[in-house]
Amino acid sequence: MPSNAILEQKKQVVADVAELIKNSQAGVVVNYQGITVDADTAMRKALREAGVKYMVLKNSLTGRACETVGLGDMKQYLNGMTAIAIGGEDPIAPAKILKEYDEKIESFNILAGYLDGAVIDKATVMDLADTPSKETLIAKFLGSIQSPLYGLAYALQGIIDKSEEGAAEAAAE
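Cut-offs used in this document
- Residues numbered from 1 in each chain as written.
- Predicted model: local features only at pLDDT ≥ 70, side-chain atom pairs only at ≥ 80, totals over all residues.
- Heavy atoms only, no water.
- Helix = DSSP H or I, 4+ residues; strand = E, 2+ residues; numbered from the N terminus.
- Rg over C-alpha atoms; globule rule 2.2 N^0.38 Å.
- Buried < 20%, exposed > 50% of the residue type's maximum accessible area, 1.4 Å probe, protein only.
- Contact = heavy atoms within 4.5 Å.
- Areas by Shrake-Rupley, 256 points an atom, 1.4 Å probe, with all protein chains shown as cover.
- Lys, Arg positive; Asp, Glu negative; His and termini not counted.
- Charge placed at Lys NZ, Arg CZ, Asp CG, Glu CD.
- Pairing = 2+ DSSP bridges.
- Axes fitted to C-alpha atoms, helices over the stretch in contact; angles between N-to-C directions.
- Salt bridge = Lys/Arg side-chain N within 4 Å of Asp/Glu carboxyl O.

A. Region of the structure containing the overall build of the chain. When its secondary structure is counted, the chain shows 6 helices and 5 strands. In the chain, the succession of α and β elements from N to C terminus is α-β-α-β-α-β-α-β-β-α-α. Its C-alpha atoms give the chain a radius of gyration of 26 Å, more than 25% over the compact-globule value 16 Å for 173 residues. Oriented by its inertia axes, the alpha-carbon framework of the chain measures out at about 110 × 30 × 25 Å. The buried share among the 173 residues of the chain stands at 32%. Once local pairs closer than 6 in sequence are excluded, the contacts in the chain between residues at least 24 apart make up 78%. Entry remark: accessible area of the chain is about 10700 Å², with carbon and sulfur atoms responsible for 55%. Here the chain contributes 17 positive and 24 negative side-chain charges, whose respective centroids are spaced 13 Å apart.

In structure tokens:
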């Protein structure tokens, strides 16, 4: 039987992880088996730079934290060597970074994830990873708004040029 100190420590870990999950929009659960130390170090660095919390915990602790925030369905994916990546500012970052390793390393697999308080499967995580970044989407949107405005400006300039030509010809006669 574990001591009370250990039980309290585990309860605190569950509460901390549950708080992180609750305050994030998205996260991903992976099976990290077979990743080399070099690849793991590079992956953790990329995740850290993107503001993503990546944690390897006992499946029971991760499951309890997920259950605490209403993601009890996540427990079915918590088998074997799992880790959880909890998104920060960019909800797409965990999926984007981990997809790269899922494709490169055969034994490293994305298992599932969560998005806006709902558990999502691997296919949805992969689709999420293919979503362009917020900056790219804003640039595309602004470009699509600007295009008609440029067309209008060119048409108005054409009308002005024609009216100036007509006025110059009338003045010359």
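B. View of the pairing of strand 5 (residues 118–121). The pairing of strand 4 (residues 109–115) with strand 5 spans 4 bridges and is classified as antiparallel. Within strand 5, the position partnered with Leu115 by the bridge is Ala118. In textbook terms, the turn of a hairpin is the stretch between consecutive antiparallel strands, and for strand 4 and strand 5 this stretch comprises 2 residues, one of which, Asp116, has a positive phi near 50°.

C. The arrangement of the sheet that holds strand 5 in detail. The antiparallel open sheet is built from 5 strands, whose spatial order is 2-3-1-4-5. Both edges of this open sheet fall to strand 2 (53–55) and strand 5, since each of them pairs with a single strand only. For this sheet, the mean inter-axis angle between neighbouring strands, taken without regard to orientation, is 20°. Helix-sheet contacts for helix 1 (residues 4–22) involve strand 2, strand 3 (82–86) and strand 4, and the interaxial angle to strand 3 is about 45°.

D. How the structure looks around the pattern of salt bridges. By the definition in use, this model includes 9 salt bridges. A salt bridge links Lys99 to Glu103; the shortest N-O distance between them is 3.5 Å. Of this pair, Lys99 and Glu103 both sit in helix 4 (residues 93–104), 4 residues apart, roughly one helical turn. The exposure class assigned to Lys99 is buried, which follows from its relative accessible area of 14%. Connected through salt bridges with shared partners, the residues Lys99, Glu103 and Asp130 form a single ionic network.

E. Representation of unusual backbone geometry. For Asp116, which is not glycine, the phi torsion reads 50° and is therefore positive. Its location among the elements puts Asp116 in the loop between strand 4 and strand 5.

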